[in-house]
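Report on the structure
Residues per chain are reported as follows:
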Amino acid sequence: MLATRPQAQQFLTDHSEIRPLVSGDTIYASGQEVTHAILPHDGILSYMAQIGPQRVVEKASIGAEGFVGFTYLMGGGPSLSDVVVTVDGYASWLPLDALNEAMQRFICVREAMLAYAQGLIVQLMETVACNSLHTAEQRVARWLLVADDRTGAPEFRVTQDAIAQMLGLRRATVSQVCSDLMHAGAIAYSRGRLTVMDRERLASFGCECYRRIQAVQLQPFIG
């Protein structure tokens, strides 16, 4: 687990602006110039892949352990995907020139950014494997566990339509999985608000992908 020093934390705080994350909003469109690193305090952002003219699926998600602006570490360039708010929250908008200065001044910031980049690659690989090999039930349980980790709140707002879209599943399939999880006492769900009631029970429906993703989660950059 890597954390930035108090001086680095203060620099990042002083040079950033906190803005709300509103579910459904697009932060960056694919091909759009990246001007700020987005560092969530809570909530979830998702990298979305366009599959055909009308279908999208989640490639990876970002919580307080990460940031949007991964292309900066690869030499800059436009956003490689649409970046969409999946779960409401707040995030710090940090101009890229301030991020560059922070990485030059504070070794801990550079180390944290590179460690996160490694963790994101692990998440991408696990997501590909999970979506290819595991059942809808396992994939939904994995996504909900990760979401619960990142929101850090008793409940969060997410629709079954959104989960279906992110996982490339039919809405009816997600509805059935959520119904089964509710009957098992793992979650509660009403009017778009979801609560994880029993994490151990929910994890029993999941797969080993969650544990591997969890193992590389880092501390928040700001907070």
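Relevant structure appears above.
Residues numbered from 1 in each chain as written. Predicted model: local features only at pLDDT ≥ 70, side-chain atom pairs only at ≥ 80, totals over all residues. Heavy atoms only, no water.

1. Points about the pairing of strand 3 (residues 36-40)
Note the following rule: Under the scheme applied here, a residue whose accessible area is under 20% of the maximum for its type counts as buried, over 50% as exposed, and between as partly exposed, the area being computed with a 1.4 Å probe on protein chains only. Numbering of helices and strands runs from the N terminus, with a helix taken as a DSSP run of H or I at least four residues long and a strand as a DSSP run of E at least two residues long. Strands are treated as partners if at least two bridges between them are detected by DSSP.
Along strand 3, four of the five residues are buried, which leaves the element largely enclosed by surrounding structure. As paired strands, strand 3 and strand 7 (residues 89-95) are joined by five bridges and run antiparallel to one another. Note that in strand 7 the partner of His36 across the bridge is Pro95.

2. What to know about the packing of aromatic side chains
Heads up, the condition is: What counts as a ring pair is set by centres within 6.5 Å for rings of Phe, Tyr and Trp (its six-membered ring), and what kind of pair is set by the plane angle: stacked under 30 degrees, edge-to-face over 60, tilted for all other angles.
Enumeration according to the criterion identifies two aromatic pairs in this entry. Between Phe67 and Tyr116 the ring centres are 5.5 Å apart and the planes differ by 55°, which places this aromatic pair in the tilted class. Here Phe67 is found in the loop between strand 5 (55-62) and strand 6 (82-87), whereas its partner Tyr116 is found in helix 3 (residues 107-133), with 49 residues between them in sequence. The burial state of Phe67 is the same as that of Tyr116; both residues are buried.

3. Digging into the sheet that holds strand 7
We apply this condition: Working convention: axes come from line fits to C-alpha atoms, limited for helices to the stretch in contact. Angles between N-to-C directions cover 0 to 180 degrees. By definition, residues are in contact when any of their heavy atoms lie within 4.5 Å.
Spatial ordering of the open sheet is given by 1-7-3, a layout of three strands whose pairing is antiparallel. Bordering the open sheet on either side are strand 1 (17-21) and strand 3, each of which pairs with just one other strand. Direction aside, the axes of adjacent strands within the sheet are offset by 35° on average. Packed on one face of the sheet, helix 2 (residues 96-105) meets strand 3 and strand 7 and runs near 80° to strand 7.

4. With respect to the nonpolar core
We apply this condition: Working definition of a nonpolar core: buried Ala, Val, Leu, Ile, Met, Phe, Trp, Tyr and Cys residues. They are joined through side-chain atoms within 4.5 Å.
One finds Ile27, Ile38, Leu45, Tyr47, Val68, Leu99 and Val109 to be the most contacted residues of the largest nonpolar core, which totals 35 residues. Sorting elements by how many residues they give to this core places helix 3 first, with six residues. In terms of nonpolar packing, the next biggest core, distinct from the first, is built from 32 residues, Met48, Val146, Ala186 and Ile187 among them.

5. Here's the deal with unusual backbone geometry
One non-glycine residue, Arg191, lies in the positive phi region at around 55°. Its location among the elements puts Arg191 in the loop between strand 9 (187-190) and strand 10 (193-196).

6. Structural notes on the environment of Arg212
Within the secondary structure, Arg212 is located in helix 8 (residues 208-215). You can call Arg212 partly exposed: its relative accessible area is 40%. Linking Arg212 and Gln123, residues 89 residues apart in sequence, is a C-alpha distance of 8.2 Å. When sequence neighbours within four positions are dropped, the list of residues in contact with Arg212 reads Val122 and Glu126.

7. With respect to the environment of Ala102
Structurally, Ala102 can be placed in helix 2. Using a relative accessible area of 0% as the deciding quantity, one classes Ala102 as buried. Those residues within four positions of Ala102 in sequence are excluded, and the remaining contacts are Phe11, Leu12 and Val109.

8. Some thoughts on helix 8
Definition in use: Taken from the helix axis, the directions to the C-beta atoms give the arc we talk about.
The complete set of buried residues in helix 8 reads Cys209, Tyr210 and Ile213. Looking straight down helix 8, one finds its buried side chains confined to an arc of 100°; they lie on one side. Residues of helix 8 that are exposed and point over 90 degrees away from its buried face: Arg211 and Ala215.

9. Here we look at the sheet that holds strand 2 (residues 26-28)
Strand pairing in a sheet relies on backbone hydrogen bonds. The paired strands run either parallel or antiparallel. Pairing within the open sheet is antiparallel, and its four strands lie in the order 2-6-4-5. With one partner strand each, in any of the chains shown, strand 2 and strand 5 form the two edges of the open sheet. Each neighbouring strand pair of the sheet contributes to a mean axis angle of 40°, computed without reference to strand direction. Where strand 2 lies against strand 6, two bridges are found, and the strand directions are antiparallel.

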